[in-house]
Amino acid sequence: MPLKDNNEITVKLNATKQQMLNLLIEKGFELKTTQYLKDCYFVPKTLNIKNDSVRNILSKAVIIRSLYTEDKNTCKSIRLCFKQKVFNNEDEIVEQTSYNVEIANQEDAKNFLNAIGYTQILNINEYEYQLTKDNIMFEIKEVVNGNLLMEIETIEDSKFNSIEKIKQYLVELNLPVDYSNLFVKKAEIELQKVLDENS
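Since this is a predicted model, take the numbers as computed values, not measurements.

A.B. asks: An account of the pairing of strand 6 (residues 93-103) is requested, with residue identities and associated values reported.
C.D. replies: Pairing geometry for strand 5 (residues 75-87) and strand 6, over ten bridges, is antiparallel. Considered in strand 6, the bridge of Leu80 is made with Val101. Linking strand 5 back to strand 6 in an antiparallel pair, the connection comprises five residues, with Asp91 at a positive phi of about 70°.

Right, dumping it as structure tokens:
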């Protein structure tokens with residue numbers, strides 16, 4: 001089972017997707033991948049989502065992640081994902097581990113999760129643009145009916161081996177992003193919308 005430990009921060013953009021792509025390419029980043037993601041979030045049916053915190057609900061979530069080409073015509077891979085996050089007192093993610101298992105079929109995965117007592121609570125679809133330089137990856141995330149975000153994460157053996165070093169690098173690049181929140185939690189925002197609509 002592929003296991004990934006990484007440092008990352010996520011910010012909201014104060015620019016269009018195209019403006020940010022152009023800026024990063026001007027700064028020497030290379031556009032590596034453009035893709036479309038469909039994430040389906042499942043949690044245990046026994047979870048009381050009306051009375052629990054959004055963060056606690058998502059800490060129990062298993063995600064079926066389908067990766068498509070940008071035109072959405074070809075499915076490149078499907079995997080089950082589970083993420084463990086550790087937060088500090090300032091609500092910052094200080095550690096994250098991601099577990100991923102490749103699967104062959106999304107419907108079989110949904111049926112399996114339903115059979116073991118999980119229920120689907122959320123879908124997040126997004127276009128993703130991955131750019132790399134110096135063993136660090138910038139992923140522009142254009143969430144459908146949501147925010148325009150950018151996730152910055154380390155690649156293996158990166159000199160950016162801490163959250164502080166990633167923050168410092170982001171500031172040095174002087175990009176048009178919202179520096180007031182370096183730990184935007186996309187799934188928490190989207191789940192809160194769903195819960196508000198159903199309350």
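What follows picks up the thread again.
A.B. asks: Please give an account of the nonpolar core that cites residues and values.
C.D. replies: With 25 residues, the main nonpolar core has Leu24, Phe138, Ile140, Met150, Ile152, Leu170 and Leu175 as its most contacted residues. Among the secondary structure elements, those contributing two or more residues to this core are strand 2 (8-12), helix 1 (17-26), strand 7 (118-133), strand 8 (136-143), strand 9 (148-154) and helix 4 (163-173). Beyond its immediate chain neighbours, meaning those up to four positions away, Phe138 contacts Leu24, Phe29, Tyr129, Gln130, Leu131, Met150, Glu151, Ile152, Tyr169, Leu170, Leu173 and Leu175.

A.B. asks: I'd like a description of the environment of Ala187, backed by residues and values.
C.D. replies: Tracing the chain through its elements places Ala187 in helix 5 (residues 186-197). A sequence separation of 13 residues divides Ala187 from Asn174, and the C-alpha atoms of the two residues are 26 Å apart.

A.B. asks: So, helix 5: which residues are in play, and what are the values?
C.D. replies: Taking 1.5 Å of rise per residue, the twelve residues of helix 5 would be expected to cover 16 Å, and the 17 Å separating its terminal C-alpha atoms lies within 8% of that figure. As for helix 5, its buried residues are in contact with strand 3 (30-44), helix 2 (54-59), strand 7, strand 8 and strand 9.

A.B. asks: Go over helix 4 with me, naming the residues and quoting the values.
C.D. replies: For helix 4, the set of buried residues is Ile163, Ile166, Lys167, Tyr169, Leu170 and Leu173. Viewed end-on, helix 4 has its buried residues packed into an arc of 165°, placing them on one side of the element. More than 90 degrees from the buried face of helix 4, the exposed residues found are Glu164, Val171 and Glu172. Structurally, helix 4 contributes buried residues whose contacts are with strand 2, strand 6, strand 7, strand 8 and strand 9.

Procedures and definitions
Residues numbered from 1 in each chain as written. Predicted model: local features only at pLDDT ≥ 70, side-chain atom pairs only at ≥ 80, totals over all residues. Heavy atoms only, no water. Pairing = 2+ DSSP bridges. Helix = DSSP H or I, 4+ residues; strand = E, 2+ residues; numbered from the N terminus. Core = buried A, V, L, I, M, F, W, Y, C linked by side-chain atoms within 4.5 Å. Buried < 20%, exposed > 50% of the residue type's maximum accessible area, 1.4 Å probe, protein only. Contact = heavy atoms within 4.5 Å. Expected span 1.5 Å × (residues − 1). Arc of directions from axis to C-beta.

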